[in-house]
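Fold and geometry: a report
Here's the letter readout for the chains.
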Amino acid sequence: MNPLKLRKYRPFTGITLPDRKWPNQTLTHAPMWCSVCLRDGNQALPTPMNIAQKLELFQTLVRCGFKEIEVGFPSASNTEFKFNRLLIEKGYIPNDVTVQVLVQAREELIERTVDSLVGAKRAIIHLYNSTSPAQRRVVFERSKSEVKLIAVQGARWIQERLSRLEGTTMTLQYSPESFSATEVEFAKEISEAVMDVWKPTPTRKMILNLPCTVEVATPNVYADQIEWMCRNIRNRDSLIISLHTHNDRNTGTAATELGLLAGADRVEGTLFGNGERTGNVDLVTIALNLHMAGIDSGLDFSDLNAVRTVYERCTGMLVPPRHPYAGELVFTAFSGSHQDAIKKGLAEWERGNRTVWDVPYLPIDPGDIGREYREVIRVNSQSGKGGVAYLLESQYGINMPKEMQREFGPVVNDWVDGLGREVSAIELKDKFEKEYTLRDCPFALQKLTTVDEDGIHRCWATLLVGGKERTITGEGNGTIAAFVHALIREQLVEPFEVLDYQEHAVDAGEDASAIAYVWIRTNDGGQFWGAGVDTDIKRGPILAVLSALNRACSHLRQG
Ligand code: KIV
Ligand code: ZN
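Residues numbered from 1 in each chain as written. Chains lettered and ligands numbered in written order. Predicted model: local features only at pLDDT ≥ 70, side-chain atom pairs only at ≥ 80, totals over all residues. Heavy atoms only, no water.

**Details of the overall build of the protein chain**
A tally of regular secondary structure across the protein chain gives 18 helices and 14 strands. For the protein chain, the C-alpha radius of gyration of 34 Å lies well beyond 24 Å, the compact-globule estimate for 559 residues. The buried share among the 559 residues of the protein chain stands at 50%. Sequence-distant contacts, at least 24 apart, represent 66% of the contacts inside the protein chain between residues at least 6 apart. When the accessible surface of the protein chain is summed, it comes to about 26,000 Å², and 49% of that surface belongs to carbon and sulfur atoms. Taking the average place of the 63 positive charges on the side chains of the protein chain and the average place of its 72 negative ones, the gap between the two points comes to 7 Å. (Helix = DSSP H or I, 4+ residues; strand = E, 2+ residues; numbered from the N terminus. Rg over C-alpha atoms; globule rule 2.2 N^0.38 Å. Buried < 20%, exposed > 50% of the residue type's maximum accessible area, 1.4 Å probe, protein only. Contact = heavy atoms within 4.5 Å. Areas by Shrake-Rupley, 256 points an atom, 1.4 Å probe, with all protein chains shown as cover. Lys, Arg positive; Asp, Glu negative; His and termini not counted. Charge placed at Lys NZ, Arg CZ, Asp CG, Glu CD.)

Okay, structure coming up:
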């Protein structure tokens, strides 16, 4: 970067708080939650939601367990006003849910906002005005005391109209918007001026929301600001301190978590982080981060895919594939070593030896949020033999011997590398079959008869060898030995040795078949695995021997 271009920037100067306490705190309980999906989220959409979409998302938020939902900005448009009225008049708001509405410090807007709430059981009126030096200078062109007057006047206009909302359990909320870029002393002064009007008490608290409207510094700076406010503001016990972070520097989650350590009680944010610019903090992430620490968030994301589907349908936004918890790929391991570790960790968990979740690379159990273990493994060119073996075993019951995994892993890697994309489980199985069980050139088995007389096994086999029929016979101390003897005696192949043989059932039910694996060493030292599947347990191993020989021949031809 040209240094001249950097000259126009200055680092944000945080406050001095050498005895800060928040770094030594830990999170022990969930905050109060408020979803601002229908307001902050909605105002950031290229096409804002219509009433039906807002209602569907509202009902989903209720099902997730949100007890405070900012439903809109009723003075901003007819749709917003009508949505409030619909919720109230049609009884869509459960008794334990409080709707929140946002308003600026302007009398006519406050008037309309109060109108929009008549008949609600519980409501929060959220007053805001911006307080940072840039906003005071550029937007308001007013001094600190003039900006303070805006807030105080707004608070009074609301106070004067509360009698019209008798029957509604009311809470009042004030936000010094752009708090994170405001001098803390001024944020305290303006907030206390609003408190002087609303007169909160420990039993009738007001919400003081301290937004990180735009991230301008590292998250520890925001935590210092929150701790400073919690320590210095008057009548702290009459306040619910609320956080509202945006994600300009991609640290909204960190800022919120550190803000909670610093003493905040409440968190505003949106599902999946939709919101102005880079978005609001994602409440799913904050809640599931608590879940990961064994803390009940009070929110229900046990079917996260369903929540995501509604969110995407209503907002038209997409959850990116790497998005924490909800993204398509977050429970998918591509690297072989990750796949192997996950496979072992899940096996250990399923054996029930552990009571505490500690599966490598899976910080939470995907099942807790309705996602499936099956999503964990896919195969791409970075997948190792462990991942390939896991997929074949978990999806198709093909349990390759360890040595065979070492042979098949690189075959898959080369193949997927050439394709330049990841492959599905079914494609992988096709590849396995092409590589092993469907090999019939130059040797294909036509017919096999075996007898066992006093431990001597005899076999008669009819083969197609390069298209020509040959019948061979041999004997040995087992079926494989008899067949190998027949092949060598009839000089169909050079002498070779069988190094290993394994077999297991693959299908349940009546026509259960078995898969046999045979490992051979040819007389030039080459080692090849073969596999054969058949319902006749005598034929499977013979097919596996031919599969290994066919692979050896193909190797010779390629060599
Ligand atoms: O980001 C913000 O500061 C806001 C306020 C209105 C609370 O959305
Ligand atoms: Zn916001």
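**Focus: helix H12 (residues 304-315)**
Here H12 spans 16 Å end to end across 12 residues, near enough to the 16 Å set by a 1.5 Å rise per residue. Residues of H12 that are buried sit in contact with helix H3 (51-64) and helix H11 (283-292). Positive phi appears at Gly316, one or two residues downstream of H12, with a value of about 80 degrees. (Expected span 1.5 Å × (residues − 1).)

**Some words on the coordination of the zinc ion (ligand 2)**
Six octahedrally arranged donors around a metal ideally form angles of 90 or 180 degrees; four tetrahedrally arranged donors ideally form angles of 109.5 degrees. Only Asp40 (OD), His244 (NE2) and His246 (NE2) from the protein coordinate the zinc ion (ligand 2), and they sit 2.0 to 2.1 Å from it. In primary-sequence terms, the residues that donate to the zinc ion (ligand 2) follow D-x203-H-x1-H. Of the two residues, Asp40 sits in helix H2 (residues 37-43) while His246 sits in the loop between strand S7 (239-245) and helix H10 (252-261), which places them 206 residues apart along the sequence. The class for His246 is buried, based on a relative accessible area of 4%. (Donors = N, O, S within 2.8 Å, 3.2 Å for Na, K, Ca; no water.)

**Brief notes about the pairing of strand S8 (residues 266-269)**
Alternating residues of S8 divide into Arg266 and Glu268 and Val267 and Gly269, and every residue in both groups is buried. Bridge analysis of strand S1 (residues 32-35) against S8 gives four bridges, and the strand direction is parallel. Residue Trp33 lies in a different strand from S8, and its bridge partner there is Val267. Bridging between S7 and S8 involves three bridges; their strand directions are parallel. Residue Ser242 lies in a different strand from S8, and its bridge partner there is Arg266. For the crossover that starts at S7, traverses H10 and ends in the parallel S8, the hand is right-handed. (Pairing = 2+ DSSP bridges. Right-handed = clockwise from strand over helix to strand, strands pointing away.)

**With respect to empty space enclosed by the protein**
Tallied over the full model, the rule gives one cavity of 30 Å³ or more. Lining the largest cavity, in full, are Phe12, Ser180, Cys212, Glu215, Val216, Ala217, Thr218, Pro219, Val221, Tyr222, Gln225 and Ala255. Per-element accounting of the lining of the largest cavity gives the leading share, four residues, to helix H9 (residues 219-232). Its residues placed into classes, the lining of the largest cavity shows eight nonpolar, three polar and one charged. (1 Å grid on protein atoms, 1.4 Å probe; cavity = no way out; pocket = protein on both sides within 12 Å on 5 of 7 lines; lining within 4 Å. Points joined across faces, edges and corners; volume = space filled by probe spheres on them. Nonpolar A, V, L, I, M, F, W, Y, C, P; charged D, E, K, R; others polar.)

**Digging into the domain arrangement of the protein chain**
Annotation of the protein chain at the domain level lists domain 1 (28-315), domain 2 (336-437) and domain 3 (443-558). One C-alpha centre belongs to domain 2, the other to domain 3; they are set 29 Å apart. In this assembly, 13 residues from domain 2 lie in contact with 15 residues from domain 3. Contact between domain 2 and domain 3 buries roughly 1,000 Å² in total, counting both sides, with carbon and sulfur atoms accounting for 64%. In terms of surface lost to domain 3, no three residues of domain 2 exceed Pro401, Glu407 and Tyr436, which account for 38% of the buried area on that side. Seen at the junction of domain 2 and domain 3, the total is two salt bridges. For Glu435, the salt bridge identified is with Arg551, shortest N-O distance 2.9 Å. In this assembly, domain 2 and domain 3 are joined by six residue pairs in polar contact (both at pLDDT 80 or more). (Domains from an automatic or database assignment. Buried area = accessible area lost by both parts, 1.4 Å probe. Salt bridge = Lys/Arg side-chain N within 4 Å of Asp/Glu carboxyl O. Polar contact = N/O pair within 3.5 Å; in protein donor to acceptor, adjacent residues only side chain to side chain.)

**Some details on a nonpolar patch on the surface**
A cluster of nonpolar side chains, namely Met1, Leu6 and Tyr9, defines an oily patch on the protein surface of about 410 Å² accessible area. Here Leu6 falls in the partly exposed class, since its relative accessible area comes to 48%. (Patch = residues over 30% accessible without salt bridge, like charges linked within 9 Å, V, L, I, M, F, W, Y side chains within 5 Å.)

**Remarks on the side chain of Ser297**
Summarising the element assignment, Ser297 is placed in the loop between H11 and H12. Only 3.0 Å separates the side chain of Ser297 from the backbone nitrogen of Leu299, close enough to count as a polar contact. Beyond its immediate sequence surroundings of up to four residues, Ser297 is in contact with Ala30, Trp33, Ala287 and Leu290.

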